[in-house]
Number of protein chains: 2
Amino acid sequence: MSTLLHTTPVNDGFFMPGEQEPQDEIWIAWPERTDNWRNGAKPAQQVFIDVAKAIAEVTPVTMTVSADQYDNARSRLPEHIRVVEMTTNDSWMRDIAPSYVVNKDGERRGVDWEFNAWGGLVDGLYFPWDKDDQVASKICNLRGDARYRAPIVLEGGSIHVDGEGTLYTTEECLLHPSRNPDLTREDIEQVLKEHLGIEKVIWIKNGLYNDETNGHVDNLIHVARPGEVVLSWCDDENDPQYQISRDAYEVLSNERDAKGRQIKVHKVHIPGPLYISAEEAAGIDSCDGMEREAGERLAGSYANFLITNNRVILPLLDPKRDDDAKAVLQHVFPEHEVVGVNAREILLGGGNIHCITQQVPSAH
Amino acid sequence: MSTLLHTTPVNDGFFMPGEQEPQDEIWIAWPERTDNWRNGAKPAQQVFIDVAKAIAEVTPVTMTVSADQYDNARSRLPEHIRVVEMTTNDSWMRDIAPSYVVNKDGERRGVDWEFNAWGGLVDGLYFPWDKDDQVASKICNLRGDARYRAPIVLEGGSIHVDGEGTLYTTEECLLHPSRNPDLTREDIEQVLKEHLGIEKVIWIKNGLYNDETNGHVDNLIHVARPGEVVLSWCDDENDPQYQISRDAYEVLSNERDAKGRQIKVHKVHIPGPLYISAEEAAGIDSCDGMEREAGERLAGSYANFLITNNRVILPLLDPKRDDDAKAVLQHVFPEHEVVGVNAREILLGGGNIHCITQQVPSAH
């Protein structure tokens, strides 16, 4: 039974838990498109497997895959990872899967946002995006979860919630004219409150430098738990990231969260700067939309990790910086096992581990 | 967890229950191919919906559908019928889904037969059939059921079991050179025994007249319960079905089942004879393989019903015969509700209600 509901989550007593809360499942979509993933997507597929395996040791994983790649995905993944056929336009499950909400009676429902490939006809990254937009509904149908269809364009990676009333986002993305040009900041806050059960929105100005998602918050910061945030940092004054991180720090330091807490900020230095190599660019089919030229600055960030039950799955991106990043994360998550996965291949596709995963929280 | 097992069900203590035993779920595949289903498959889709709704009142239904038809199927089916994306070559779930086996400890596993579209390159009905052959594995994966890959070509509709050690089949199909030409009757019996936990095979000579499946047993007879069978009958000496039914009756009357019972045979007269009309044939795309010419005799049979929990879903095919068929079935199943569905559209595609459904038995 997958009912489409015409009320709102908050009216029905539902809210979105934080990522640090217990999870029942993680969904990932198999990478395939050769105009985004180099060398026929084979290197990316291997990294998605690595990520899925690291998660599956603590949380069950479902991998969606097209009909054409079903046999390949099924045979390359270990048997304990569930594989189901589901057509997508690409593989950013954070942005296309439902945002799950729960209530205090042990029920769980999906919020299905409108999706327009990070900007639709204005500055979207590919066309069409119809199969991606169906994914939230298909997951709810398959799992038997009731579903709300939210009335705004939004990607799951453009928000972070702490599960206690606070949502973090960026103005760059949520107020971008390619998403909901007819809505004001207040209109958008209202929809977020109604659909995620949050009370306060903390608006950071910009996301990471040169992030093609129009500055998704999940590539700049990560909410570790209520009142604690990991922030991508940069020490080089000549790097455009320098000022972006400082501006974000300023906001986070001066705001209080929904519960009135001061926010503790943990800085983690960005890798690199990293650039796409000529060899890497040569392996990608030419297309309209995504910039995959040799020398293009990559929006690399250690904040783009996943918290899943007692693990943190951290992208490894730069041998000079990885150990420090891991040490920061281990300090922030003393009870968690921080597991690194070499993730440059995901970065080449335009995101990282948080972007390719979406959690189904445990019922409360 | 969907383990591929390398033992056999009988070694592991598993057997196939009869269709009359409790069921947890029924799987159906949405009809789409326009070289089999007339008028863009729209009339057939409506009948599949009618069948799904009749079943769903007593047993949960999952409908599989291609990516292209997902929105259409989802919007036309009531919300309580689950819809999942799954690519098929056509829509005969009886023949492509797993045959489920159970043990006495409440476990359930799938038997995944090789599938070659009712005859492969010898006399198969379409090419390719690769997506159909993946279906059993995909269902086991999605549901998390361990799976056996059986080493023979077999369709679920070519066998009937009573759940107490007896299997009914036809020589026409199981010994046909287009299935397992290198195996003897004894070899095939051995595989059936190992994979379904049966002890005795009752071999009927031929299936229904002009059945393009090479005489699937499920279009000729139906096992109502151990020791009781419904048999398609024909009173017209000039109809080729006359002798086929008599031959089957002869076998059933003289055989004992695995438990030593004499078999009680309930005769139900076939509809018609029925033929495809010129108008119907005109709505079907031309193709190689399936015969869909005006005037072609249709393999219509009331035995092609489904038992699902306390219902019998009966195809209605001929106003002159439907009431008698329903009366026979109601007599055979006094505790069941016999629900008729107008099913000529399924017959035009080459089968009927039993052919388009596959049950997941309840754990024992």
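Residue positions are counted from 1 within each chain, in the order its sequence is given. Chains carry letters from A onward and ligands carry numbers from 1 onward, assigned in written order. A pLDDT threshold of at least 70 governs which residues receive local features in this predicted model, and a stricter bar of 80 or more applies before side-chain atom pairs are shown or counted, although totals over entire chains, interfaces and linings include all residues. Only hydrogens and water are removed before side-chain values are computed, so all heavy atoms of the structure are retained for them.

This part is about the relation of the copies chain A and chain B. Mapping chain A onto chain B is achieved by rotating through 180 degrees and translating by 0.0 Å along the same axis, at an RMSD of 0.0 Å. Interpreted geometrically, this transformation is the action of a two-fold axis. For chain A, the residue whose C-alpha comes nearest the rotation axis is Glu 85 of chain A, separated from it by 3.2 Å. In this assembly the copies share their binding face: 100% of the residues contributing to the interface of chain A also contribute to that of chain B. The least-squares superposition of copies is restricted to C-alpha atoms, and to residues with a pLDDT of at least 70 in both copies. Any pair of residues with heavy atoms lying within 4.5 Å of one another is described as a contacting pair.

Further remarks concern the sheet that holds strand β13 (residues 264-269) of chain A. Residue and element names in this part refer to chain A. Being paired, for any two strands, means DSSP has found at least two bridges between them. Secondary structure counts use DSSP, requiring at least four H or I residues in a row for a helix and at least two E residues in a row for a strand, with both numbered from the N terminus. Spatial strand order, β11-β12-β13: three strands in an open sheet with mixed pairing. In this open sheet, the two strands that pair with only one neighbour each are β11 (221-225) and β13. The mean angle between the axes of side-by-side strands here comes to 25 degrees, regardless of whether they run parallel or antiparallel. Direction of pairing for strand β12 (residues 228-233) relative to β13: parallel, over a ladder of six bridges. The axes are straight lines fitted to the C-alpha atoms, using for helices just the contacting stretch, and the angles between their N-to-C directions are given from 0 to 180°.

Let's shift gears to helix α8 (residues 240-254) of chain A. Residues and elements named next belong to chain A. The length a helix should cover is 1.5 Å for every residue beyond the first. Between its first and last C-alpha atoms α8 spans 22 Å; for 15 residues at 1.5 Å apiece the expected length is 21 Å, and the two agree. Of the positions making up α8, those classed as buried are Gln 241, Tyr 242, Ile 244, Ser 245, Ala 248 and Leu 252. Structurally, α8 contributes buried residues whose contacts are with β9 (166-170), β10 (200-204), β11, β12 and β13. In protein, a polar contact requires one atom able to donate a hydrogen and another able to accept it; more generally it is a pair of N or O atoms within 3.5 Å, and residues adjacent in sequence count only if both atoms are side-chain atoms. Structurally, the start of α8 carries an N-cap: the backbone nitrogen of Gln 241 is 2.7 Å from a side-chain oxygen of Asp 239. Three exposure classes are used, based on accessible area relative to the maximum for each residue type with a 1.4 Å probe and protein chains only: buried under 20%, partly exposed in between, and exposed over 50%.

A few words on the nonpolar core. As used here, the term nonpolar core means buried Ala, Val, Leu, Ile, Met, Phe, Trp, Tyr and Cys residues forming a set that is joined through side-chain atoms within 4.5 Å. One finds Ile 28 and Ile 346 of chain A together with Ile 28 and Ile 346 of chain B to be the most contacted residues of the largest nonpolar core, which totals 148 residues. Beyond its immediate stretch of four places on either side in the chain, Ile 28 of chain A contacts Phe 48, Val 51, Ala 52, Ile 55, Val 61, Thr 62, Met 63, Thr 64, Met 93, Ile 356 and Thr 357 of chain A.

On to the interface of chain A and chain B, then. Think of interface size as the accessible area that goes away when the parts come together; that is how it is often given. In this assembly, 23 residues from chain A lie in contact with 23 residues from chain B. Among the residues of chain A in contact with chain B, Glu 79, Glu 85 and Asn 141 of chain A are the three that bury the most area, contributing 29% of the side total. Salt bridges, as used here, are contacts in which a Lys or Arg side-chain nitrogen is within 4 Å of a carboxyl oxygen on Asp or Glu. If you look at where chain A meets chain B, you find two salt bridges. For the pair chain A and chain B, the number of links is 14 residue pairs in polar contact (both at pLDDT 80 or more). Those elements that place two or more of their residues in the side of chain A that touches chain B are α2 (70-76), β4 (82-85) and α5 (130-143) of chain A. Per-element accounting of the side of chain A that touches chain B gives the leading share, six residues, to α5 of chain A. In terms of residue class, the side of chain A that touches chain B is built from eight nonpolar, seven polar and eight charged. Accessible area that two parts lose when put together, evaluated with a 1.4 Å probe and summed over both, is termed the buried area. Each residue gets one label: Ala, Val, Leu, Ile, Met, Phe, Trp, Tyr, Cys and Pro are nonpolar, Asp, Glu, Lys and Arg are charged, and the others, such as Gly, are polar.

What follows deals with the confidence of the model for chain A. Low pLDDT means the predicted atomic positions in that stretch should not be read closely. On average, chain A scores 97 in pLDDT, and the residues at 70 or more come to 100%. Overall fold confidence (pTM) sits at 0.94, and the ipTM for the predicted complex is 0.90. pLDDT runs from 0 to 100 and stands for how confident the predictor is about each residue.

Before going further, it helps to examine the packing of aromatic side chains. Side-chain rings of Phe, Tyr and Trp (the six-membered ring for Trp) are treated as a pair once their centres are within 6.5 Å; stacked means planes under 30 degrees apart, edge-to-face means over 60, and tilted covers the remaining angles. Summed over all chains, the structure comprises 14 aromatic pairs over all chains. Aromatic pair Trp 37 of chain A and Phe 48 of chain A: ring centres 5.5 Å apart, planes at 85 degrees, arrangement edge-to-face. Of this pair, Trp 37 of chain A sits in the loop between β2 (23-29) and α1 (42-56) while Phe 48 of chain A sits in helix α1, placing them 11 residues apart in sequence. Ring geometry for Phe 305 of chain B against Phe 333 of chain B: centres 5.8 Å apart, planes inclined by 80 degrees, an arrangement best described as edge-to-face. You can see Phe 305 of chain B sitting in the loop between α9 (278-282) and β14 (306-308) and its partner Phe 333 of chain B sitting in the loop between α10 (322-332) and β16 (337-342), a full 28 residues away along the chain.

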